[in-house]
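One-letter residues, chain by chain:
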2 protein chains.
Amino acid sequence: MKWNAWGDPAAAKPLSDGIRQLLKAALGVDGSSATEPDPSQVRLRPSALTDEHRQALEAIVGAEHCRTGHLDRLLHAGGKSTPDLLRRNGSDIQDAPDAVLLPGFDLDIAAILEYCGNHRIAVVPFGGGTSVVGGLDPIRGDAFTAVISLDLRRFDALHSLDEVSGEAEFGAGVTGPAAERLLGERGYSLGHFPQSFQFATLGGFAATRSSGQDSAGYGRFDDMVRGLRAITPAGVLELGRAPASAAGPDLRQLLLGSEGVFGVITRVRVRVHPTPETTRYEAWSFPDFTTGAAALRAVTQTGTGPTVIRLSDEAETGVNLATTEQIGEQQITGGCLAITLFEGTAEHTASRHAETRAVLEAHGGTSLGEEPARAWEHGRFGAPYLRDSLLAAGALCETLETATDWSRVPALKAAVTEALTTALADSGTPALVLCHISHVYPTGASLYFTVVAGQRGNPIEQWSAAKAAASQAIMNAGGTITHHHAVGADHRPWMSREVGELGVQVLRAVKATLDPAGILNPGKLIP
Amino acid sequence: MKWNAWGDPAAAKPLSDGIRQLLKAALGVDGSSATEPDPSQVRLRPSALTDEHRQALEAIVGAEHCRTGHLDRLLHAGGKSTPDLLRRNGSDIQDAPDAVLLPGFDLDIAAILEYCGNHRIAVVPFGGGTSVVGGLDPIRGDAFTAVISLDLRRFDALHSLDEVSGEAEFGAGVTGPAAERLLGERGYSLGHFPQSFQFATLGGFAATRSSGQDSAGYGRFDDMVRGLRAITPAGVLELGRAPASAAGPDLRQLLLGSEGVFGVITRVRVRVHPTPETTRYEAWSFPDFTTGAAALRAVTQTGTGPTVIRLSDEAETGVNLATTEQIGEQQITGGCLAITLFEGTAEHTASRHAETRAVLEAHGGTSLGEEPARAWEHGRFGAPYLRDSLLAAGALCETLETATDWSRVPALKAAVTEALTTALADSGTPALVLCHISHVYPTGASLYFTVVAGQRGNPIEQWSAAKAAASQAIMNAGGTITHHHAVGADHRPWMSREVGELGVQVLRAVKATLDPAGILNPGKLIP
């Protein structure tokens, strides 16, 4: 991954003339791209790790796996939110972990945690580095003498595949593509394709309750996790004895979403399925978002079984955001675009497709055929690259997301749109607020917002005000502060409202039991 | 419910001549029924509640809702396991709660918990009283001056029904039939039908992670819970802001399965669906259990979508246990009987039925038509009544259950059968060990065992040894100590092995935060 942008430099998405014209006309952004900064010129806060500590940590992981070089530290300095990227590209002195450790074994991690606990060194577990909520920030406060980044990349094995049960056990550092490759060689697939898929790791998916674009078919990542291992300062947790159990509270669900504050997830055992024989595609047009949302609801509550189902609102459809190759070009459809995909055996997908199309047609949908759905699939990981180009061109671009009950979807969508528009207007810019539904449940759905505006003043502060207004609107309208981006440092102030003050006390009690010295990912998740 | 047997006296199931002959021939049980004991003659430990405490508790709930009468205490003395019923029908002095409180409001419960915390009085939350794992035992230890039973029956309302989202909020004391009646009047259904359905409550379903016979279609109860409210000594928890969330660990999953040790669940918000238009039925025969289990696995992993799917093994099929009206009579089929049901709209059930039958036929199944499936449905809540008659006739009869991955099903089934047979042979009786799969998941299934043997010596001790052997076999073979019966007092010694010593420490930390005085359901769940 690039140090100051999303992902693979070769996959960069330069802005088309169409987008440049749109930016200029709608937002007053001139669209000239900044020159690429030189990473060696970035000023990092000097490493605070003493030689003694460095030598002790090297003794645990080996000298080649304890890195304090400028680029190593820079590449682990944080995640990939818009504020992260703006900060990374800025000229201020930047914070970074004091060292990057690459342990290879559970015992190494246990030893690191023990050493760091004894010497007030904070530990930030690091998977793919794709957090967009400040989940990787090297926060020290007054309590710590140093911060290390614990990179799980060496936990990269497929440990076992049980083809009868449809389960695979992976090291937590296995990335999305590596998992699909390792399984694909054996004829299996995981089916977890979040936007971060190309870089993020299975341990990270578990620690952040990730949800992929195929969640309608294969579930959220937390649905896929059959068991996990976590190394905590207090010992090892091995959780998940059975597919389902009534043996008390489900402690897996405490580690899922724990964001590295309770322990370091080193293994996940996940549900897998045979590589799909067939994929069927169909795109749909709805006259408006309300009609389309009712159609998605009917599909989900009837259980017709699409693998992917998503709906862009009028604004997102208007700029072709769902099909990132064609943004700013001629519209695919008026109204609202919906995408459906069906994976599995030929018979299974045929019946699921037929049932789904019957429901969508009965609810006001018009088929657009295969092509827009294939185009969506082709560009499905492209949006973050587009953000890089927009930021470089002087636009402010960021996303945020929530979920709520179906009955609250209209009010929540209106409230967040209003909050973002008003806050950005206050900063002196018009804003495009685009929205889609990409994860559906029988009782509700996610809402994913993309905001594009002009940068005004300090764009980090500008976005911070807009984000705060949107978060307030989400909570007031009864949504969750995050459906799949997780909490990190950015959503942490909202956790008391999300789970109540008593819920926060429960999290603190679990933290105190598993991480009594409080060294694990401080400043994240728990207020 | 009867004080010394399962359920409704009018639904008693006298033993047929066929069963009596079977008992005599196979187990040497003579089959003469004991006379019905008189509940007024049962000797209860005298109430230890002082007048001062009784008056204080009456002041909270009202005198008419604080009951210390003999029959009130007897009816709250515990659950309905075979040891419970043997003990209840015995002549020893029996323990019972010192008073039964029937609070009507959350504030009453908060006040009761505060009072009891200040005066070392233990509190056992009580729903339908159907625990089969000692979850309601009035355990005092040395720490408590008295034990009260907190009966939730007055929390009996349907608070709201959101037809758009398909969600209903209920008081925790609403029973299974009451929930279906309240929803049915509005055209909806919950679809949760465990064996305890007729008596158990929604709060109890949540507190014990209940799983119903329609779990293939509607999920386990923990899947259905969208949100809940729990009154704890430390305050109120309101959990579940969205259908799904990445806002940290899912704290709902700590209260689900908490068995009253963390707090008193007073409201549950659950997923509901329109009353099914149609039900389709089909029963199947498989040549053996291995073939049948592979067929169920294929159905589940393909996702063909039955509402109910279950498979009896050769022994259970041999005595017609799946269709309780015909036990001991001529066999419906040789080999293994499987039952399938499909609920929903006409189109939906037709396609799900066709897909499922194609998979079952391809995996060696032979259709037996509708009738045996209708017979199963008709008798689906009958088995516990049969147990009453068997116990009265001098047979030992009990059930136990677990779940594991598909790949471990054969070894686990064999190990548990062997453990039960050997332990009961050691006590001097042959044993019938019957087994079925009644809950399926993509990665595994539940195994439910029914044991019938002759009573020998002290039957409580006799069963205790057999149960210990079976539990050991379950844990050694990688199963969970309970798939849907919960932990209570009976499975508590196995929890360290189930979740590890560190997992137990986490549960203790949560308990200390929510119930610092430790008054809630002592002696249950947490070792």
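Please read these numbers as outputs of a predicted model, since none were measured by experiment. (Residues numbered from 1 in each chain as written. Chains lettered and ligands numbered in written order. Predicted model: local features only at pLDDT ≥ 70, side-chain atom pairs only at ≥ 80, totals over all residues. Heavy atoms only, no water.)

1. A few points about the overall build of chain A
And then number 1: Regarding its fold elements, chain A presents 18 helices and 19 strands.
And then number 2: Along the first, second and third principal axes, the C-alpha set of chain A runs to 65 × 55 × 45 Å.
And then number 3: For chain A, the residues scored as buried account for 61% of the 527 residues in total.
And then number 4: Within chain A, contacts between residues at least 6 apart in sequence are counted, and of these 77% link residues at least 24 apart.
And then number 5: In the structure as shown, chain A presents an accessible area of about 17,800 Å², 51% of it carried by carbon and sulfur atoms.
And then number 6: Where the 44 positive side-chain charges of chain A centre and where its 59 negative ones centre are 3 Å apart. (Helix = DSSP H or I, 4+ residues; strand = E, 2+ residues; numbered from the N terminus. Buried < 20%, exposed > 50% of the residue type's maximum accessible area, 1.4 Å probe, protein only. Contact = heavy atoms within 4.5 Å. Areas by Shrake-Rupley, 256 points an atom, 1.4 Å probe, with all protein chains shown as cover. Lys, Arg positive; Asp, Glu negative; His and termini not counted. Charge placed at Lys NZ, Arg CZ, Asp CG, Glu CD.)

2. What about the UniProt feature "domain: FAD-binding PCMH-type" (unreviewed entry) in chain A?
And then number 1: Mapped onto this numbering, the UniProt entry gives "domain: FAD-binding PCMH-type" (unreviewed entry) at residues 93–275 of chain A.
And then number 2: End C-alpha to end C-alpha, residues 93–275 of chain A measures 48 Å, and it is 22% helix and 27% strand. (UniProt positions renumbered as here; feature names shortened; annotations may be inferred.)

3. Observations regarding the side chain of Thr201(A)
And then number 1: Here Thr201(A) is to be found in the loop between strand 7 (188–189) and helix 7 (202–207).
And then number 2: Ignoring anything within four residues of it in the chain, the contact list for Thr201(A) reads Gly127(A), Gly128(A), Ala172(A), Gly173(A), Val174(A) and Thr175(A).

4. Some words on helix 13 (residues 346–362) of chain A
And then number 1: Between its first and last C-alpha atoms helix 13 of chain A spans 24 Å; for 17 residues at 1.5 Å apiece the expected length is 24 Å, and the two agree.
And then number 2: Within helix 13 of chain A the residues assigned to the buried category are His348(A), Thr349(A), Ser351(A), Arg352(A), His353(A), Glu355(A), Thr356(A), Val359(A) and Leu360(A).
And then number 3: In the core, the buried residues of helix 13 of chain A are packed alongside strand 12 (278–286), helix 11 (289–302) and strand 14 (336–344) of chain A together with helix 11 (289–302) and helix 13 (346–362) of chain B. (Expected span 1.5 Å × (residues − 1).)

5. Examining the interface of chain B and chain A
And then number 1: Contact with chain B, which involves 80 residues of that partner, is made by 80 residues of chain A.
And then number 2: Our enumeration of links across chain B and chain A arrives at 4 salt bridges.
And then number 3: Residue Arg352(B) pairs with Glu355(A) through a salt bridge whose shortest N-O separation is 2.5 Å.
And then number 4: In this assembly, chain B and chain A are joined by 38 residue pairs in polar contact (both at pLDDT 80 or more). (Salt bridge = Lys/Arg side-chain N within 4 Å of Asp/Glu carboxyl O. Polar contact = N/O pair within 3.5 Å; in protein donor to acceptor, adjacent residues only side chain to side chain.)

6. Let's talk about the relation of the copies chain B and chain A
And then number 1: When chain B is brought onto chain A, the operation consists of a screw motion whose angular component is 180° and whose axial shift is 0.0 Å, with 0.0 Å RMSD remaining. The superposition of one copy onto the other is thereby described by a two-fold rotation axis.
And then number 2: The overlap is high: 100% of the interface residues of chain B also sit at the interface in chain A, so the same surface is used on both sides. (Least-squares fit on C-alpha atoms with pLDDT ≥ 70 in both.)

7. A few points about the packing of helix 2 (residues 51–61) of chain B against helix 5 (residues 106–118) of chain B
All names here are of chain B.
And then number 1: Where helix 2 meets helix 5, the axes come as close as 9 Å, and the angle between the chain directions of the two elements is 160°. Looking at the two axes, helix 2 sits roughly antiparallel to helix 5. In this structure, helix 2 crosses over helix 5, and the sense of that crossing is right-handed. Here Glu52, His53, Ala56, Leu57, Ile60 and Val61 of helix 2 come into contact with helix 5, specifically with Asp108, Ala111, Ile112, Tyr115 and Cys116.
And then number 2: A class-by-class count of the residues in the contact of helix 2 with helix 5 yields 8 nonpolar, 1 polar and 2 charged. (Axes fitted to C-alpha atoms, helices over the stretch in contact; angles between N-to-C directions. Parallel < 35°, antiparallel > 145°, perpendicular 65-115°, else oblique. Left-handed = near helix turned anticlockwise from the far one by under 90°. Nonpolar A, V, L, I, M, F, W, Y, C, P; charged D, E, K, R; others polar.)

8. Some remarks on the sheet that holds strand 2 (residues 99–101) of chain A
Residues and elements named next belong to chain A.
And then number 1: As summarised here, the arrangement of the 4 strands in space is 1-2-4-3, forming an open sheet in which the pairing is mixed. Only two strands of the sheet have a single neighbouring strand rather than two, namely strand 1 (66–67) and strand 3 (121–126).
And then number 2: Judged from the 3 bridges that link them, strand 2 and strand 4 (residues 146–151) form a sheet pairing that is parallel. Following the sheet pairing, Leu101 is matched in strand 4 by Leu150. (Pairing = 2+ DSSP bridges.)

9. Things to note about the sheet that holds strand 5 (residues 158–162) of chain A
And then number 1: Within the open sheet, the 5 strands sit side by side as 5-6-10-8-9 (chain A). Their pairing is antiparallel. Strands at the two margins of the open sheet, each flanked by one partner only, are strand 5 and strand 9 (235–239) of chain A. Going across the sheet, the axis of each strand differs from the next one's by a mean of 10°, ignoring polarity.
And then number 2: As paired strands, strand 5 of chain A and strand 6 (residues 167–171) of chain A are joined by 4 bridges and run antiparallel to one another. Residue pairing across strands places Leu161(A) opposite Ala168(A), the latter belonging to strand 6 of chain A.
And then number 3: The strands touched by helix 6 (residues 176–184) of chain A within the sheet are strand 5 and strand 6 of chain A, with strand 6 of chain A carrying the most contacts at an inclination of about 135°.
And then number 4: Strands in contact with helix 18 (residues 495–514) of chain B are strand 8 (225–232) and strand 9 of chain A; relative to strand 9 of chain A, the strand with the most contacts, it is inclined by about 140°.

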